Amino acid sequence: MQPQSLIPEKTNNFKDEVKESTRYSLEDKRKDLENEVKELTQEMTRLRRINRNWDGGLTISTIVLTLVITLLSTWDRIDEQDKKIATGILGGAIVAIQSIGNAFPVKQRAGAYRILQAQANNLLTDVKYVEGTEELKAIESQFYLLRSDAAKTEG
């Protein structure tokens, strides 16, 4: 039979082991979530850049083509018939570029990805300083909502 004084010591050791096991598990989960949030942040950054670049390219193309049409209309050395043909072709290109911008709203998507990127960065900061399981679950829930929002932006 064991003396009574050793039983509380074993109980405390067991509690310490459970606490350490929980802490390790929490740290593993935190690191996993941190990695997932980092991946989402990188993906949002990539998609924001792509959409921003497309928006810039479409805008610059429209501006350049509009300037070319303006120059053609004021230049006297070009035959009137050639001016009409060139203006028609360039005008058609401008309309096509604007249609692309309407069909694929890259400017709006770039803005949406910027917001999602900022939210992911905020989550990344939060997940680095998680102190408990409940807090981790709350951040994990926010992360899943953020991923859902990202998927809606794609659609």
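Scoring rules and cut-offs
Residues numbered from 1 in each chain as written. Predicted model: local features only at pLDDT ≥ 70, side-chain atom pairs only at ≥ 80, totals over all residues. Heavy atoms only, no water. Helix = DSSP H or I, 4+ residues; strand = E, 2+ residues; numbered from the N terminus. Buried < 20%, exposed > 50% of the residue type's maximum accessible area, 1.4 Å probe, protein only. Contact = heavy atoms within 4.5 Å. Salt bridge = Lys/Arg side-chain N within 4 Å of Asp/Glu carboxyl O. Expected span 1.5 Å × (residues − 1). Arc of directions from axis to C-beta. Core = buried A, V, L, I, M, F, W, Y, C linked by side-chain atoms within 4.5 Å.

Draft legend 1. A look at the overall build of the protein chain. Along the protein chain, the regular secondary structure elements total 4 helices and 0 strands. Reading the secondary structure of the protein chain in the N-to-C direction produces α-α-α-α. Within the protein chain, the proportion of its 155 residues that are buried is 24%. A separation threshold of at least 6 residues defines the contact pool for the protein chain, and within that pool the share at least 24 residues apart is 78%.

Draft legend 2. Region of interest: the pattern of salt bridges. Within the structure shown, the criterion is met by 7 salt bridges. Among the salt bridges present, the one from Glu27 reaches Arg30, with a minimum N-O distance of 2.8 Å. In this pair, Glu27 and Arg30 are both assigned in helix α1 (residues 6-74), 3 residues apart and thus about one turn of the helix distant. Residue Glu27 is classed as partly exposed on the basis of its relative accessible area, which comes to 32%. A salt bridge links Arg30 to Glu34; the nearest nitrogen and oxygen atoms lie 2.6 Å apart. Of this pair, Arg30 and Glu34 both sit in helix α1, 4 residues apart, which is roughly one turn of the helix.

Draft legend 3. Helix α4 (residues 133-154), seen in detail. The first and last C-alpha atoms of α4 sit 32 Å apart over 22 residues, in line with the 32 Å expected at 1.5 Å per residue. Of all the residues in α4, the buried ones are Leu136, Ile139, Phe143, Leu146, Ala150 and Thr153. Summarising the axial view, the buried residues of α4 lie within an arc of 90°, below the 170-degree limit, and thus occupy one face. Of the exposed residues in α4, those oriented more than 90 degrees away from the buried face are Glu134, Leu145, Ala151 and Lys152.

Draft legend 4. View of the nonpolar core. Counting 18 residues, the largest nonpolar core has Leu33, Met44 and Val127 as its most contacted members. Looking at this core, the elements that each hand over two or more residues are α1, α3 (106-128) and α4. Every residue in contact with Val127, bar those within four places of it in the chain, is listed here: Arg30, Leu33, Glu34, Leu136 and Ile139. Membership of the second largest hydrophobic core comes to 8 residues, among which are Leu65, Ile69, Leu90 and Ile94.

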